[in-house]
Structure formats: C-alpha cells, structure tokens
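As a plain string of letters, each chain reads:
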Amino acid sequence: MSRFALSRRALGAAALLPLARPAFAQNAPIRIGELNSYSRMAAFAVPYRNAMQQAQDAVNAAGGVMGGRRIEFVFRDDGSTPGDAVRVAEELLTRENVAFLAGTFLSNVGLAVADFANQRKRLFLATEPLTDALTMAQGNRYTWRLRPSTFMQTRMLVEAIRGRNVRRWAIVAPNYEYGQSAAANFKRLLPAAIPGAEIVAEQFPALGRVDAGATVGALGQARPDGIFNVLFGADLTAFVREGNTRGLFERRTVVSLLTGEPEYMIPLGEETPEGWIVTGYPWEQVTGMPTHQAFVDGYRARFNDTPRKGSLLGYVTVQVIANLLNKANTLDNEALVDALRDLRTDTVVGPVTMRGIDQQGTMGTWVGETTLRGRQGAMRNIRYADGADYMFSEEEVRAARRT
Amino acid sequence: MQWDFLLVQSLSGLASASSLFVIASGLTIVFGVTRIVNFAHGSFYMLGAYIAVTVVPWLLEIDRSPWLFFVGVLVSALAVGALGVLMEMLLLRRIYRVPELFQLLATFGVVLIVQDLVLLVWGPVDIPGPRAPGLRHGVVILDQRFPAYELFLIAVGPAVLGLLWLLMHRTRFGVLIRAATQDREMVGALGVNQAMLFTGTLFLGAALAGLGGALQIPRVSANSQMDLSIITEAFVVTVIGGMGSVPGAFIAALLIGQLQAFGVLIFPKITLVLVFLLMAVVLVIKPWGLLGKPEAAAGRVVLPEGILDPRPLDRAGKMLAALGLAAVLALPLLDAYAVKVGTEVLILALAAFSLNFLVGNGGIVSFGHAAYFGLGAYGAGLLVVKAGLPMEPALLAAPIAGGAFAALFGFFVVRLSGIYLAMLTLAFAQIAYAVVFQWVEVTGGDNGLVGVWPSRWAASREVYHYLVAAVTVAAIILLRRVIHAPFGATLRAARDSAQRADAIGVDVRTHRWLGFTLAGAAAGLAGGLYAFSKGSIDPTLLGIPMSVDFLSMLLLGGIQSVLGPVAGTAAFHAAKDFFMPLTDHWRLFLGLSIIAMVLVFPRGLAGAWDTLRRRRA
Amino acid sequence: MTLLSAEGLTKRFGGVLAAKDVSFGLEGGEMLAIIGPNGAGKSTTFNMVGGQLRPDAGRVTLAGQDITGMPPRAVCRMGVGRTFQVAQTFLSFSVIGNVQMALIAHHGQTRMLLPDAMAMHQDAALALLERVGMAAQADRPIGELAYGDVKRVELAIALAAAPRLLLMDEPTAGMAPAERSALMALVAGIARAERIGVLFTEHDMDAVFAHADRILVLVRGEIIARGTPEEVRADPEVQRVYLGHSGTRAAERARRAHG
C-alpha cells in the first residue's frame, strides 16, 4: 500500500456533503478507525501499520469475520497532539463511519482519545500508550489496552533483578509522564525485590534533548551499583555512547526499559552495551509460539524488512479485534465492550486475555540481556514474560478505578 | 563534591557550549545581515547530521583515518551551505521586500518540508554515525574519564570564533557582513551587490549549522526530531548574546553550557526550562541581550507592518462577512464532522484575531500567544475537573486566567521591542509550559486532564457549535470595535511612532500592557472553548507549535487587515485537515502550501482580496 | 512669571561633558533659538528640557513648576508641544487622523474602548489643520504628503495639546529653502498671536536670524554668548568659533530682509 494512499476525502468535491452510504449492507466491510503517529513516530508506527495490513489481509483471506464480512482499517495520522487526535477520531466516527477506534502512540493522546471515546460511548482499543492512568485512575468502560503498561514492564525488570546484591541505584528517565511513572514504579517495586536498596541519584533530561555529558557525569558522581534507564530513541543512543566512553556502565548492573525492542536496538548498532537487562522483542529467537514464525516470514516477505515490536503489536491487535467481532457478532459498541471482557484470543504470542477488571490485555514481552552480535545488538537469555503475571493486583485496580 | 568531578562536569558543559555556539553563530550572522528569523536553521543542522552519517562512513570505508572523518564533516557542512544558497535563491530572494513576519513564515514552511523530505530520503529509523577514528577513547583527567572527542569539540568553538573573527575583519565579505549587521540600508546605499552578500551570508550560516550537525554524529544518531530540539536553543543563545553578535553568542553558549552541566546536579528536571529562564532574566535586565545593540531603525521613517487602514467594511467586505457567518450557522445542516471542524475554526479564529490585535494593531509580535490560550484552557479545565464546577462559570474563568497571566508576563514584555520582545514572549510561554508540564499533582503533567466536557444542554456537537459561534463572533466583533476605538488607535499610533505617541502625552508602555492583557484574555476565552470542544487539556495547548500555528493562521490571512486572520485560520485549518488524512507526509504539503501562499500572496489572503478589489475598481 | 526656566543644566555621557551649567529663561510669545556647531550640546540641552534626558544637575521649571526629569508624556501634559528633527507622525493614519489622535490623547481618552476614534474631535482637528494651512489635505494618508507638509501637520499635532511652550528640534531640517521660511513664519505668527513660547534648535542661520527673538550659542556644552540676533552677530567670540564668515553673511542678509 502506498504511503500516499488516497482516502475518499481526497476526491475533494464530496468533502462537505453528507456521505450517504448503505452502511449496514450485509456484505459491506467492517471499518475500524486506526489513528496513530504515523508521521512523527514513523519508526514505530509504519511497521505497526504494515503488520496490521498483513493481518487484515490474512483475516479476510480466511473468510473474514462475523460470517463472511471483510474488515477494513482506516488509517489516520493523529497529529501527535491530543487536540488533533480528537478531531481525527471525530472524523473517523462521523465521516468514515468506523465501528470503533484503535491505536494512538503518545500517552496524552491516548488519554484524550479514551475520554473522547467514553463521551461518545464508542469502543477504543488503545495499542501503544503505556501510561498506567489509561487503565487505572482514568480508566473508563470503553477504553481497553493491549500492550503491557509501564508498570507491567517495570515489574518484569524488577523481577529479573530480585535478590541481587545491588543496593545503590541511579535512575535516568525522560522528563515526561512515561519516564516519571516508570521511575516511580521502579522506586515502589525495588524495596521488595532487593531489601535495603536505595536510590542515590535521579536524572530527568528533557525528552529528545538529553545533554548526555552532563547527565552521565551526574549519574557517575553518585557512584551507584545499578542504573535503571528509561531513555529511548535518540536520547538512548547519545546516553549509551557517552556512558560507554566514560565507563559509566562498567561493573554496574543496568536495567533498561524497551531497549531490546528492534526500534531502539537497531540504531544502537555496534554501540549496544553488553549485559543490560531489558525488555524487548528478539523476534529471531522466539520459540514455543507456533504461529509466530509464520507471521515473521510473512512480514519479511511482504515488506522486505525485519519485524519490529510495533509490527508484532499491530498483528496481535488485529487478531484480537477479529476474535472480538466474531464473538460479539454485532457492531453495537455496548455489546462489543461486553464481549471484550475477559476475551481470550489465541495470537501469535500465545493466548491473550483482556482482563475485565482493569481492561488491560495480558500480552507480555520478552526479558533478557543485551549483547553484541557482529555489529548489531541482540538479546540473550531471553524468556517471554506473560503479562498475566505482572498486572496490578485486583485491590490496587479497585482502589484506583473507584475515584 | 570533589574538585575533579566539578572540573570534568564543567568540561562537559564546555563541550555542549561549543557545539551550541557553532550552530548559533550561523543563526546570528544570518539574522544580522538579512534580518530574517530563520526557523529553517535547525533543519540545516539536521541535514548536516544526516549528510554526515551518509558521507563519513563511505569515506571511512576507504581508510579509517581521522583526516577522512573531518573531510567528511567539512564536506557535509559545505553541502548544507549549498542548500542554504538554494533556499536563498529559490525562496528568500523573492521575499526580502515582504514584511519580516512573512519571511519567518516562509522559513517555517521550509522546516515542515525538510522534516518530511528527511523521512522520505533517509527513512524513519535513527541513523547512528561512526565515531571519529583516533578520538574514540576516553582521556583520564584527575581520575575521571572524559571523551577525547569532547575535548576536541571544546576546541572547535573557540576555533570557529577565531576564524569568524578573521573573516569579519580581514575579508571584504566579512566587513560587508559587519556593515550590514550594523546598518542594512547603508550597505544598499554603498552600491554593494546585496543579492551576492545575502547569498554568501546564507551559505555561511547554513554551513555553520551543517557543521554543527555533522560534528554531532559521533555523539547522537541522526534523527528526524533534531531540528526542533536545537532550533529553540539556538535562538535562545542568539538572543541572550544579542542578535547579530557572534561574540555574544559565544558568551551565551558558555553560560548555558555551564548552567546545564551544574543545574542538573541540583534540579534534575531543570533542563526543560533552564534556557528559557535564563533568557527571561537576561532580557528583563538587558533588553538587547548581552552584547546586542538597540535597533538602529528608531529614527527612521518607514511604513509599519500591520493594520494600516482599519476602514469600515465596504459592501463586498460586508457581503463576504455575512457569507462567512451564514456558512457558520448552516454547517450543522451539512455534515457532523464539518460541524466539528467549523467549531475549531471559530475558536482558533478568535485566538488568531486576538494575536492580530497585538501583532497587526499594536506591532507587538508575540511568539508565545499559545500560553494565554492554554492557560485559559487550564483555568476552565481545572475548575471543571478539580473543583467540579459546571461549564458556564468555568468558561468565565478562562479569559480571567488568560488575562491575568498576560498581565503578569506582559508587564515585562512591553519593556522590550522587536525581536527581543518576541523572544521574551516565547520564554514566558515556555516557562508556563514547563510549569504546567511539571506540576503533575495539579495539572496532570504532560498527560493532561480529561473530562472537560460541556454541560448537558450544550453537549451535542450542534448546540456547542452554536454556543461557540455566539461567543467567538461576539468577541471578535467586540475586539474589532476596540481596534477602531481610541484604545486601538492609540496602540496603532504607538506602533507607528512611539516617540510621537509619548510626545502627545500617551503612556505607551501602560497602553501596550493593557493591550497585551486584553489580547491574553481573548486568547484565554478561546482556550476555554477549545478545552470543552476536546474534552481534555494538556501542555501542547501552550506549546511552541501551537504559537507557531497561530502566527501562521494570522499571516496567511494577512496582518494588514482587521478580519484577515479569521480567513487565514479557516484556510490554515482546512489545509491541515485536508492533507492530514490524505498522507503521512501532510507536513510536506502544508509547508509547500505555506510557501506558495507567501510567494503568491505576500500580504496574506486579505491582501490578495484587497488587490483584487482595487484592480476591479 | 517666566514661562520656561533652565538653571544650571549639566549632563555627562561617560567622560564627555555634553552640557555644562546651561541656564536660560523663556517668556510666552518669545522665540528662543539654540545654535552651535555639531556636538555642541544643543540636542542634549533640548532633550533635558523635553524630558527625554534626565540632567545630572540643574533644574527645569515650567511656569514655576519643577518638571526636571519628568518623562516626555508628563511634560506634554504640562503644556509642552514638541516636534522632532525627523518628523514623527503616525504613518498609518490620515492627516486629520494624526491630529485627532493627538486630541484624543490631550483629552485623556486613549483608553476608551467603544466609540469610533475617527469620529471624535473632527471639527477641532480640522480647525488646527486650518491654522497650519493643511485643511485641504485633511483626508489624505500622511505618507503621501511632501515633507514640508508633514512638518506642518506635525506642528498641528503639537498644537493639539494647547501648549504653552513648543519645543522644536531643527524644525526646518530636510526642507527646501522656500518651505523653510514659510514654516518659520507660520510658527512665529502662531507663537506671537497665542503667547506660546518657542524653544528651537536650528542649523539654518537664515531661519534663526530672521525669526528668533533671542539666541543662545552653545559650544562644547557651554553657553558662550546670548542675546538678540544683533548682539550675537556682533559678538567676536561667536564669529571666531562658530559663525565664521558664512554665518556673518547670513546674519547680514537676515537683517537686511527684515530691515
């Protein structure tokens, strides 16, 4: 599919006319609105969209859903701001007549669309936003999330260092909600995993503008035994390079969120540090998931590229949606929401359940250590951490969602 | 803390300062000569990095020598310089005679285009560059390891400063640059080939930006967000140093580098706002930056940029306005989504109109108008979410919040003039942004707050649309009235000649302050309406991109007419809404549209309308 | 009572003494010229009176009231009108609009938010334009006028404040010779008819000797001579350091013309 895919609106003249359309014709495709930061976060979002198209075609080739109807995703850029995203969501609902919404990348965008969905009483399946608030304090009936949240991924990492004799910890995180809440989760979970552990330094550089030299200097000065890193993207590359040269990571345990995902690992290249404990997606090493290899092969053949974490997420998203439609067998959003409750789907990463109490999916991720293979980063000692084991406790959910 | 650590931390600061200076020096030279506020400077920086990560590895394949690395860096810088020449010849040369603000808008169009071209050419994945051969290691300084490459960077800044000094004092080109910086008209009078001078200046400026970007590749990977992350900081350095002053930029960069290096030790979250705090403090104390000079144009008699003749609407104008109003009222009959877009256009039109009250009518160019829009949204939103008030009183609070903060910031802002004033508004906007961003307990941080929906009676799209239409149209009519009233005329008079206004007994500063407050209140009202149309508030409402959007709407419409900004908002928003669903590369098309507009309608849509009518008459 | 009195005005810029102990007085209806070579301190003195500069020492009183160091807008409200070396007008306004604006300011109406500014004070503005001979051009944009006419409008603007004192910095600078004497005659006529004091600096010796009642000669910040045009012309010191040959000739010409 071309990047310049034309939508109906491109045909211009119809732009202001009401689009009369036999929306409920028996065999009309089911349209699903998918908005994401395709422009600003293209490194993640384009592989994500690719895999969604791959999955959509697979579903349709296998006979569609709800007894023979095709599914059709309508992709839109969300403008990367809540204001734009809400307008785009409105456009998808009113003009494109989509059945419900999925997608978004940034947490603030995800939250705004979630609240919009609640207001309009439409299902919103958030895929990428990691903020805990989406399913906790600001959760609502219509908003569901598939991907493991900040809390879940942090918890997976803290489990990985349980009992180690690493007491002095420094935290470095981008200065925005994702970084702050990852740091807060880490601080909260650490004492139970390593009794007597303390936080000796925290650095919160502005997102995308890390002053790596000053940050590395400040962290090193605190003489920590371990470092919890939440930086990603360009900030991560700069931080790793500076830290490597200055020896920040030598003889230290480093725990790092998302670093093992191809999106962030590929740009690190030969700078990939050795032995960091990370969450990620080592797609070429995945075992014990029978359909995963087929997904990878199909993706590589079709797009001439290796899959990213976004690709996996996109594929699983479509699988869950197809299953949901089959189970609900209606496009009524109330029924869809009810059908999602504790819906179990067999996906390429195994069974995924949409837990009813906090509307969070149990999709997991891989935990392992970074290593350098040739001039590329890779993961070793991997294991799949099933999200079901790392969710918030039911008491916590009830407490958070009551207010 | 130990001395060795402090020394090394200070060296880190010097390395950052040096890099920042190389970039900012280009910006300040370009501004000094052409008086163009070149937003595209950050794009040149980004292009420098991208070209370097392409060229340098290729050269290093031949031989891994340090020399080839630096040859690659220089080649990249020269290539970017050539792109600067291209921009000058294709675009800037055609618009030197149009108002300064339109030049700024055109360079912003270039930013959008380059962003998408970079994605098209190099793809979305960050590209790490090779490290410099021979400078990969760390040097041990007093027991602390410090990257050799950064020691080299520390030397680059002073070297560039020295070379620029030689250029400025030992070559005819440099002497001309200095002369033009001091008095642009004089160079024209001397019969210097201005086109050649400007082309050369753009080459130098772009090459310096490219050099800055290329030198970064051993430290950061080339990525598509580099442009915007550097441009604000480069502007801050330029302004703190004094626009046009290369030594000033050097001092400012040193200051910022050291403050960052030590600031993070005490306040780990300070980087978000530190540079803007520094800029605000410097400008409040030294209105022309550290080494800048007051604009020489004070005694000159030139036609002001802005509203020239706020004559009442003629028949055609009245018909157009009536047509617009009818369209606003008829929208709900057409299409549900059109209503949504129409509501937004109305809200943004009020914001743009209030900005033109400052820019067009008062000659007070604000780069941070979104701050008052956003603070109005927060004023209303917080009352709903935190205090549980309904929409009606919350909407009343929006203009109060916007106005109150405009009064507070405006108190300092109106003491300045020209580009420095604009940059101070930007600094205050960023400070407000940082506070909203960081004060998580109250504002919800960058996630913002949700649940800001209208009262039940206004909950439907259509009713809310009519509510917005009533409020915004009333506010616009009222503000338009103020423009024609003595208060508006006084602001215009002070814009034309502050000296004359003073001499007829007008307290210029107080009037500007009141005008700033009024515009802030109107923007705040728009912000409140916006919050209820979206259901949420978040810091992007106060951000620089929002302020730039307002300026773009205003300029597209034309600052010289009273109602132009309203048309501009509709055009801008419609263009964005048209391209966004069409392609991922909507920024490319938006940028191209902006540039086309500037070239075809250098006085905005309203200017074009005016020309059309005069030709008919 | 003396309308304007300056006593011991002194101003330093860095190490340079721009004005030293400058004192003079001015009556209503009187035209007082300050002359001197470039850099003699004319503008400095002038700006200390008008409020643009605050003197390091000395006092300025207007009809007995101390106005030393007051900002220009306050000085204006005390009844002082001012014109500038390069005419300062509101370029985006029409000719009459400029005068209306000055009247609005004079009446303290600049903060009114609702009435149409250009419907206010029309008659008064037109009357002022009449006095400077510009009524016929009232509706033209001021940017279209010849420079001499702009200077006349500027005079009307200054008169809008019903001043007791006019401060005119090089009123004829940049004008054609014929326009110069016409403007100075206009100013002198208005000043004498309405008992307005006029303090002006001037390079054009013809204008000075033809219209000034008294002249102050400043050199290097100090007054070296003062008196009627005849007295100043006769002063050997003035002739030596300033007027020189051409100045004397101009003075002669002026005397003959007014013979």
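Residues numbered from 1 in each chain as written. Chains lettered and ligands numbered in written order. Predicted model: local features only at pLDDT ≥ 70, side-chain atom pairs only at ≥ 80, totals over all residues. Heavy atoms only, no water.

**Student:** Would you explain the overall build of chain B in this entry?
**Tutor:** Assigned secondary structure in chain B consists of 25 helices and 4 strands. Computed over C-alpha atoms, the radius of gyration of chain B comes to 25 Å, within 12% of the 25 Å expected from 2.2 N^0.38 for 617 residues, which places it in the range of a compact globule. Projected onto its principal axes, the C-alpha coordinates of chain B cover approximately 70 × 60 × 50 Å. Within chain B, the proportion of its 617 residues that are buried is 64%. Expressed as a percentage of contacts within chain B between residues at least 6 apart in sequence, the contacts between residues at least 24 apart total 80%. Of the roughly 21,600 Å² that chain B leaves accessible, carbon and sulfur atoms contribute 71%. Distance from the positive charge centre (40 side chains) to the negative charge centre (31 side chains) of chain B: 8 Å. (Helix = DSSP H or I, 4+ residues; strand = E, 2+ residues; numbered from the N terminus. Rg over C-alpha atoms; globule rule 2.2 N^0.38 Å. Buried < 20%, exposed > 50% of the residue type's maximum accessible area, 1.4 Å probe, protein only. Contact = heavy atoms within 4.5 Å. Areas by Shrake-Rupley, 256 points an atom, 1.4 Å probe, with all protein chains shown as cover. Lys, Arg positive; Asp, Glu negative; His and termini not counted. Charge placed at Lys NZ, Arg CZ, Asp CG, Glu CD.)

**Student:** I tried to follow the overall build of chain C on my own but got confused; where do I start?
**Tutor:** Scanning chain C from N- to C-terminus turns up 9 helices and 10 strands. At 18 Å, chain C has a C-alpha radius of gyration in line with the 18 Å of a compact globule built from 259 residues. Taking the principal axes of its C-alpha atoms as reference, chain C extends roughly 60 × 40 × 35 Å. Counting every position in chain C, which comprises 259 residues, the buried fraction comes to 55%. Of the contacts made within chain C by residues no fewer than 6 positions apart, 65% connect residues no fewer than 24 positions apart.

**Student:** How should the side chain of B:Lys340 be read in this particular structure?
**Tutor:** Mapping B:Lys340 onto the fold places it in helix α13 (residues 336-362). Given the relative accessible area of 6%, B:Lys340 is considered buried. Residues contacting B:Lys340, with those up to four places away along its chain left out, are A:Glu90 and B:Ser533.

**Student:** Whenever I open this one, the packing of aromatic side chains confuses me. Can you help?
**Tutor:** Aromatic ring pairs are reported here in terms of the distance separating the ring centres and the angle at which the planes meet. Inspection of the entire model under this criterion finds 38 aromatic pairs over all chains. With a centroid separation of 4.9 Å and 80° between ring planes, the pair formed by A:Phe249 and A:Trp276 is classed as edge-to-face. Note that A:Phe249 is positioned in the loop between α7 (233-246) and β9 (253-260) and A:Trp276 in the loop between α8 (262-268) and β10 (277-280), a separation of 27 residues in sequence. Take A:Phe249: its relative accessible area is 11%, and that puts it in the buried class. Here the aromatic rings of B:Phe409 and B:Phe428 are separated by 4.7 Å at their centres, their planes lie at 10°, and the arrangement is stacked. Within this pair, whereas B:Phe409 is found in helix α15 (residues 391-413), its partner B:Phe428 is found in helix α16 (residues 418-438), the two being separated by 19 residues in sequence. An aromatic cluster is present here, built from B:Tyr372, B:Phe405, B:Phe409, B:Phe411, B:Phe412, B:Phe428, B:Trp513 and B:Phe516 joined pairwise through their rings. Directly above the ring of A:Tyr38 sits A:Arg49, whose terminal nitrogen or CZ lies 4.5 Å from the centroid. The ring of B:Phe411 has B:Arg415 sitting right over it, with the charged end atom 4.2 Å from the ring centre. (Phe/Tyr/Trp six-rings, centres within 6.5 Å; stacked < 30°, edge-to-face > 60°. Lys NZ or Arg CZ within 6 Å of the ring centre and 35° of its normal.)

**Student:** For this particular structure, what's the right way to read the nonpolar core?
**Tutor:** Across soluble globular proteins, nonpolar side chains have a tendency to be buried as a group. Counting 337 residues, the largest nonpolar core has A:Leu101, A:Leu325 and B:Phe373 as its most contacted members. No other element matches α16(B), which puts 16 residues into this core. Not counting residues within four places of it along the chain, the set of residues in contact with B:Phe373 comprises B:Ile347, B:Leu348, B:Ala351, B:Ala523, B:Gly524, B:Ala526, B:Gly527, B:Tyr530, B:Leu541, B:Met546 and B:Phe550. Core analysis: the second largest hydrophobic core is formed by 64 residues, C:Met184, C:Leu186, C:Val187 and C:Val208 among them. (Core = buried A, V, L, I, M, F, W, Y, C linked by side-chain atoms within 4.5 Å.)

**Student:** It is not clear to me how the pattern of salt bridges should be interpreted in this structure. Could you clarify?
**Tutor:** Pairing is possible between side chains of opposite charge, provided their charged atoms come close. Residues and elements named next belong to chain A. Applying the stated criterion across every chain, the model contains 53 salt bridges over all chains. Where Glu274 meets Arg380, a salt bridge forms, and the shortest distance between an N and an O atom there is 2.7 Å. Taken as a pair, Glu274 in the loop between α8 and β10 and Arg380 in strand β15 (residues 376-385) lie far apart in primary sequence, 106 residues in all. Note that Asp346 and Arg344 form a salt bridge whose closest N and O atoms lie 3.8 Å from each other. Across the pair, exposure class does not vary: Asp346 and Arg344 are exposed alike. (Salt bridge = Lys/Arg side-chain N within 4 Å of Asp/Glu carboxyl O.)

**Student:** Mind showing me how you'd approach the interface of chain A and chain B here?
**Tutor:** One frequently used descriptor of interface size is the decrease in accessible area upon assembly of the parts. Contacts between the two partners involve 75 residues from chain A, matched on the other side by 80 residues from chain B. Across the chain A/chain B interface, buried area totals approximately 6,700 Å², and carbon plus sulfur atoms make up 49% of it. Considering only the side of chain A, the residues that lose the most area to chain B are A:Arg87, A:Arg209 and A:Arg241, jointly responsible for 11% of the buried surface there. Here chain A and chain B share 10 salt bridges between them. With a closest N to O distance of 2.8 Å, B:Arg145 and A:Glu250 form a salt bridge. If you look at where chain A meets chain B, you find 33 residue pairs in polar contact (both at pLDDT 80 or more). (Buried area = accessible area lost by both parts, 1.4 Å probe. Polar contact = N/O pair within 3.5 Å; in protein donor to acceptor, adjacent residues only side chain to side chain.)

**Student:** What is the right way to read the interface of chain B and chain C from this model?
**Tutor:** Listed as interface residues are 32 residues of chain B and, on the opposing side, 32 residues of chain C. Broken down residue by residue, the surface that chain B buries against chain C is led by B:Pro486, B:Arg500 and B:Ile504, which jointly contribute 25%. Linking chain B with chain C are 2 salt bridges, by the criterion used here. As a salt-bridge pair, C:Glu154 and B:Arg500 come within 2.8 Å of each other at their nearest N and O atoms.

**Student:** Even after reading the chapter, I still don't get the domain arrangement of chain C, so can you show me in this structure?
**Tutor:** Residue and element names in this part refer to chain C. Domain boundaries assigned for chain C yield domain 1 (1-79 + 164-179 + 196-259) and domain 2 (89-162). Each of domain 1 and domain 2 has a C-alpha centre, and the two are 27 Å apart. Residue-level contacts link 11 residues of domain 1 with 9 residues of domain 2. Of the roughly 640 Å² buried between domain 1 and domain 2 on both sides combined, carbon and sulfur atoms contribute 66%. The largest per-residue losses of area from domain 1 upon contact with domain 2 belong to Leu166, Met175 and Glu179, which jointly make up 45% of the total buried on that side. Seen at the junction of domain 1 and domain 2, the total is 0 salt bridges. In the side of domain 1 that touches domain 2, the residues fall into 7 nonpolar, 1 polar and 3 charged. (Domains from an automatic or database assignment. Nonpolar A, V, L, I, M, F, W, Y, C, P; charged D, E, K, R; others polar.)

**Student:** Help me out: how do you make sense of the environment of C:Leu129 in this one?
**Tutor:** Residues and elements named next belong to chain C. Its location among the elements puts Leu129 in helix α4 (residues 122-131). For Leu129, a relative accessible area of 0% gives the class buried. Separated by 43 residues in sequence, Leu129 and Thr172 have C-alpha atoms that sit 19 Å apart. Excluding residues within four positions of it along the chain, Leu129 makes contact with Val95, Ile96, Val99, Met134, Ala135, Ala138 and Ala156.

**Student:** Help me understand the arrangement of the chains in this model?
**Tutor:** Contacts are most numerous between chains A and B, taken over all 2 pairs of chains that touch. Without any contact between them, chain A and chain C keep their closest C-alpha atoms 34 Å apart.

**Student:** Where do I start with the sheet that holds strand β8 (residues 197-201) of chain C in this structure?
**Tutor:** Adjacent strands of a sheet pair through backbone hydrogen bonds, lying either parallel or antiparallel. Residues and elements named next belong to chain C. An order of β6-β7-β8-β3-β9-β10 is seen for the 6 strands of this open sheet, with the pairing classed as mixed. The outermost strands of the open sheet, each flanked by one partner alone, are β6 (80-83) and β10 (222-227). For this sheet the average axis-to-axis angle between neighbouring strands, irrespective of direction, equals 15°. Bridge count for strand β3 (residues 31-35) against β8 is 4 bridges, and the pairing is parallel. (Pairing = 2+ DSSP bridges. Axes fitted to C-alpha atoms, helices over the stretch in contact; angles between N-to-C directions.)

**Student:** Help me understand the domain arrangement of chain B, please; the structure alone is not making it clear to me.
**Tutor:** All names here are of chain B. Taken as a whole, chain B is organised into domain 1 (17-224) and domain 2 (315-616). Relative placement of domain 1 and domain 2: their C-alpha centres are 34 Å apart. Domain 1 puts 23 residues into the contact, and the matching count from domain 2 is 25 residues. Together, the buried faces of domain 1 and domain 2 total about 2,100 Å²; carbon and sulfur atoms form 85% of this surface. Of all residues in domain 1, the largest losses of buried area upon contact with domain 2 belong to Leu101, Phe102 and Leu105, amounting jointly to 30% of the total for that side. At the boundary of domain 1 and domain 2, one finds 1 salt bridge. With a closest N to O distance of 3.5 Å, Arg587 and Asp116 form a salt bridge.

**Student:** How do you make sense of the side chain of B:Asp549 when you look at a structure like this?
**Tutor:** Residue and element names in this part refer to chain B. Mapping Asp549 onto the fold places it in helix α22 (residues 544-557). Judged by relative accessible area, which is 15%, Asp549 ranks as buried. For Asp549, the contacting residues outside a window of four places in its chain are Phe572 and Lys576.

**Student:** Is there a simple way to think about the pairing of β6(C) in this case?
**Tutor:** Moving residue by residue along a regular strand, the side chains alternate between the two faces of the sheet. All names here are of chain C. The two faces of β6 match: Val80 and Arg82 on one face and Gly81 and Thr83 on the other face are all buried. Alignment of β6 against strand β7 (residues 165-169), held across 4 bridges, turns out to be parallel. Directly across from Gly81, in β7, lies its bridge partner Leu166.

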